[in-house]
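What the coordinates show
What follows is the residue order along each chain.
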Amino acid sequence: MNKLAEWQLTLPLALAFAAIFLAPLLMLVGVSFFNDDKITEPGFAQWAKFYGDPFSYKVIGDTMLLGVKTVCATILVGYPLALVYLDAPQRLQKVLIFIIVMPLLLSVVVRTFAWIVVLGREGVVNQLLLSLGIISEPLRLLQTELGLVISLTQIEMPLMLLPLISVMSRLDPNLRDASAALGASRWRTLFTVIVPLSMPGLVAGCLLVFASSTTAFISQTVIGGVRLIYLPLLIWQQSLVVFNWPFAAVVSISLLVSVLTVVSALSWLGRRSGGYVHG
Amino acid sequence: MQSTPAGRTLDVEDLTVRYGQALAVDGVTLAIEPGEVVALLGPSGCGKTTLLRVIAGFVRQAGGRVRVDGATIDHLPANQRNIGIVFQNYALFPHMTVAENVAYGLHARGMRGPEVLAQVSRFLDIVQLGGFRERLPRQLSGGQQQRVALARALAVEPSILLLDEPFAALDRNLRLDMQIEVKRLQRTLGLTTILVTHDQDEAMSVADRIAVMNRGRVEQFDTPVAIYDRPQTLFVNGFIGTTNLLNGRVAALDGGTATVALDAGATLRLPAPTGLSTGAPVMLSVRPEQLALSQVPGPESWRIERGLSLPLGAQLVHEARTTDGASLKIVEPRRASPADAARIYCMLAADAHPTLFPRST
Ligand SMILES: Nc1ncnc2c1ncn2[C@@H]1O[C@H](COP(=O)(O)OP(=O)(O)OP(=O)(O)O)[C@@H](O)[C@H]1O
Ligand SMILES: [Mg+2]
């Protein structure tokens, strides 16, 4: 009786989700099975077109690779940052957490255009490198994958850091001391104690960063430009420029499925390694 | 590997630790003999854990030295000190099995293969957890976890063993078992050991010597019997055991003996501490079992007003009040005493050794 009542409480939310997410998703699937852009003639032509074209596989591959690169970069920068945060005195932690969540507080457009200023030919990075004499010609960073990964790394950083910090700050600080007292170096402690125990946070961070960076349409287009084609750009072109909705639907479903596949693989890994927080 | 390591000496010299402005440890000096068990006893926040953390190398001292076998270890990082520590919450690695936990320090020292297995088995057998090798820490009871933590600390054959309130989380019976077990292990391994506790019974039963700490200082460092019978400061006196305090005044001084007139109405001759002068106000501290009841008045006894008498195991605890208003506790062996109601005088028992402290008025 009690159980039933609690279960019923979730009904309004479940219905709202169904109306807002499920219905459009089903419509999307439906639309993809039409041959013409007027959506009159049912068929598999759009699927055949997308999956018959080697270019599609390249775009899918590039998109997933962009996600992987961004995830790697956020780990490489974020993990040490999380360690610094944990060692910092409380007052500094407050400042750090503000800096960490800052990208979430800014509009996508603002932070993306900020990166244009930073990465451009006359931008901060080039000016600095030129004046230091490290390079003689301005580097091309805008409209390259490198520039895009750099900016996505900053933009997605909170999604990596917040789960990581929340898991790591719940670890017993005595574990580190215990490891040291047993003769382990800092590196051994890091790789045999801290990294395995922070896995749940790391995996959650990877999930969020991957899902967010592979679908970051604005950053991908504004910083990457139209020469770097990823699935979101393809969807936009097909739906709002060419008005071929069935094809756009096929690409959308492909993006959804690719991201979901990687994300579920990651979360399966995460569940296998998880659950050790709180000794 | 079966050899028992000879115990090391541990010398803490004038150690001072600051957290910001606050002094957590204030000029502590302890000279600990090889194979000795020393209990650090004191109220919460008096600096016991901090002292251990300095010895283990987790915290840097502001001043003073720590020596093991005469050599300072202050410059060594924690992972090169070879000091075993068991934390109050055990701090077992939750993602490793019992065997992996115990092997951790051996691997960290570059030991590999069968040697590790042998050592792990040896110490798991010592703590009687041979059958639990593949369990994860969270699948163990508190006492079992505590024994794994002990095995993990001991397996690397440390030169010194530090135990930070290792029994605090255990229930009474288990605590007693573990105290005996730790004592036995420490004996067979000949390990110099520091045990932090704020349980005075534990300190009394496990330790060879007790360092009573208060506000970052060691108030007295002595054997349990000496601490109990001859507390050096009022703090130690009040912190260890129960005691009766009686006000009085020095009537006369004669070499090492003071004649004290108690406000309660008796005159006692007692060994005098240094620095007393005739006429000085003093406080007499005497344990409940060092007082006796009597039915005859005399110069060395004082009149009391009897309160409740409670049987406590094999003993009787009498409550009483002196004529000057101090309350007393008197403990006697339980025996039928026909004249009990008539015993309205209190005196020092035959083997009593009360302590005099100067009193500020
Ligand atoms: N990391 C720290 N930063 C600042 N002050 C600290 C820190 N650790 C301990 N202190 C302070 O140092 C003093 C001694 O602390 P310590 O932990 O050594 O006490 P303790 O004797 O172990 O107490 P307990 O019996 O409660 O464990 C306390 O006043 C405490 O507030
Ligand atoms: Mg403590």
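In this report, we go over the structure that sits alongside the text. (Residues numbered from 1 in each chain as written. Chains lettered and ligands numbered in written order. Predicted model: local features only at pLDDT ≥ 70, side-chain atom pairs only at ≥ 80, totals over all residues. Heavy atoms only, no water.)

Thoughts on the overall build of chain B
The following threshold applies: Think of it this way: any DSSP run of H or I at least four residues long counts as a helix, any run of E at least two long counts as a strand, and we number them from the N terminus. For every residue, the accessible area obtained with a 1.4 Å probe (protein chains only) is divided by the maximum for its type, and the residue is called buried under 20%, exposed over 50%, and partly exposed between those limits. Here, two residues are considered to be in contact whenever any of their heavy atoms come within 4.5 Å of each other. Each accessible area is a Shrake-Rupley result for a 1.4 Å probe, and residues are judged covered by the shown protein chains and nothing else. Only four residue types enter the charge count, namely Lys and Arg as positive and Asp and Glu as negative; His and the chain termini do not. Charge placement uses NZ in Lys and CZ in Arg. For Asp and Glu, CG and CD serve respectively.
A count of helices and strands for chain B gives 8 helices and 20 strands. When the backbone C-alpha atoms are referred to their principal axes, chain B occupies close to 80 × 45 × 35 Å. Taking all 361 residues of chain B together, 51% fall into the buried category. Restricting the contact set of chain B to residue pairs at least 6 apart, pairs at least 24 apart contribute 66%. With the model as given, the accessible surface of chain B reaches about 16,100 Å², and the carbon-plus-sulfur share is 51%. The average position of the 36 basic charges and that of the 35 acidic charges among the side chains of chain B differ by 3 Å.

Observations concerning helix 2 (residues 11-32) of chain A
The criterion, for reference: Working rule for helices: expected span equals 1.5 Å times residues minus one. The seven residues ending at a residue and the seven starting there each receive a fitted axis; the angle between those axes is the bend at that residue.
A rise of 1.5 Å per residue sets the reference length of helix 2 of chain A, with its 22 residues, at 32 Å; its end C-alpha atoms lie 30 Å apart and thus fit the reference within 8%. A18 of chain A marks the point of greatest bend in helix 2 of chain A, at about 35°.

Some remarks on the interface of chain B and chain A
Selection criterion: Reported buried area values correspond to the accessible surface (1.4 Å probe) lost by two parts on association, with both partners' losses combined. Any carboxyl oxygen of Asp or Glu that lies within 4 Å of a side-chain nitrogen of Lys or Arg is treated as forming a salt bridge with it.
With 25 residues of chain B in contact, the opposing surface of chain A contributes 21 residues. For the chain B and chain A pair, buried surface summed over both sides reaches about 1,900 Å², with 61% attributable to carbon and sulfur atoms. Contact with chain A buries area across many residues of chain B, yet N79, H95 and Y104 of chain B alone supply 29% of it, more than any other trio. Connecting chain B to chain A are 1 salt bridge.

Looking at the packing of helix 4 (residues 54-87) of chain A against helix 12 (residues 231-241) of chain A
Residue and element names in this part refer to chain A. Just so we agree on the cut-off: Axis lines are fitted to C-alpha atoms, over the contacting stretch for helices. Their N-to-C directions set the angle, which ranges from 0 to 180 degrees. An angle counts as roughly parallel when it lies under 35 degrees, as roughly antiparallel when it exceeds 145, as roughly perpendicular when it falls between 65 and 115, and as oblique in every other case. Amino acid classes used here: Ala, Val, Leu, Ile, Met, Phe, Trp, Tyr, Cys and Pro are nonpolar; Asp, Glu, Lys and Arg are charged; the rest, including Gly, are polar.
One way to put it is that helix 4 packs onto helix 12 with a least axis distance of 8 Å and a crossing angle of 130°. Relative to helix 12, helix 4 is oriented oblique. Across from F55, V59, I60 and T63 in helix 4, the residues of helix 12 making contact are L231, P232 and L234. Residue composition of the contact of helix 4 with helix 12, by class: 6 nonpolar, 1 polar and no charged.

A short note on the side chain of T74 of chain A
All names here are of chain A. Here T74 lies in helix 4. The class for T74 is buried, based on a relative accessible area of 0%. Aside from chain neighbours lying at most four places away, what touches T74 is Y79, T153, M157, M160 and V209.

Considerations on the site of ligand 1
Residues and elements named next belong to chain B. To keep it simple, the criterion reads: When we say a residue is near a molecule or strand, we mean one of its heavy atoms is within 4 Å of it. As used in this structure description, the phrase polar contact means that two N or O atoms lie within 3.5 Å; if the pair is within protein, one of them must be able to donate a hydrogen and the other to accept it, and residues adjacent in sequence are counted only when both atoms belong to side chains.
In the vicinity of ligand 1, the contacting residues are Y19, A24, S44, G45, C46, G47, K48, T49, T50, E165 and H198. Residue C46 places a main-chain N or O atom 3.2 Å away from an oxygen atom belonging to ligand 1. In isolation ligand 1 offers 630 Å² of accessible surface; the protein chains occlude 56% of this area. Residues belonging to the shell around ligand 1 are distributed by class as follows: 3 nonpolar, 6 polar and 2 charged.

Thoughts on the pattern of salt bridges
Residues and elements named next belong to chain B. Applying the stated rule across the entire model yields 15 salt bridges over all chains. Between E332 and R343 there is a salt bridge; the shortest N-O distance is 2.9 Å. In this pair, E332 sits in strand 18 (residues 327-333) while R343 sits in the loop between strand 18 and strand 19 (345-348), placing the two residues 11 residues apart along the sequence. Pair check on accessibility: E332 and R343 agree, each one buried.

So, the side chain of S151 of chain A
Residue and element names in this part refer to chain A. Looking at where S151 falls in the secondary structure, it is placed in helix 8 (residues 145-168). Among the polar contacts listed, one links the side chain of S151 to the backbone oxygen of L148, at a separation of 3.0 Å. Among residues more than four places away in sequence, those in contact with S151 are W115, L119 and I223.

Description of the environment of E36 of chain B
Residue and element names in this part refer to chain B. Counting through the fold element by element, E36 comes out in the loop between strand 2 (22-32) and strand 3 (37-41). Since its relative accessible area comes to 8%, E36 is described here as buried. Residues E36 and G190 lie 154 residues apart in sequence; the distance between their C-alpha atoms is 8.1 Å. The residues contacting E36, other than those within four sequence positions of it, are A31, Q186, L191, T192, T193, D208 and R209.

Remarks on the pairing of strand 18 of chain B
All names here are of chain B. Which entries qualify depends on this criterion: In this description, strands pair whenever DSSP reports at least two bridges between them.
The sheet contact formed by strand 17 (residues 315-322) and strand 18 spans 7 bridges and is antiparallel. Residue A320 lies in a different strand from strand 18, and its bridge partner there is L328. Once strand 17 ends, the chain turns through 4 residues before running back antiparallel as strand 18, passing G325 with a positive phi of about 95°.

Examining the sheet that holds strand 2 of chain B
Neighbouring strands of a sheet are bound in pairs by backbone hydrogen bonds; such pairs are parallel or else antiparallel. Residue and element names in this part refer to chain B. Read from one edge to the other, the open sheet built from 4 strands follows the order 2-1-4-5, with strand pairing classed as antiparallel. Whereas interior strands pair on both sides, the edge strands pair on one side only; in this sheet they are strand 2 and strand 5 (71-72). In the packing of helix 1 (residues 48-56) onto the sheet, the strands contacted are strand 1 (10-19), strand 2 and strand 4 (63-68), and the crossing angle to strand 1 comes to about 115°.

Read these as layout, nothing more, since geometry by itself doesn't imply function.
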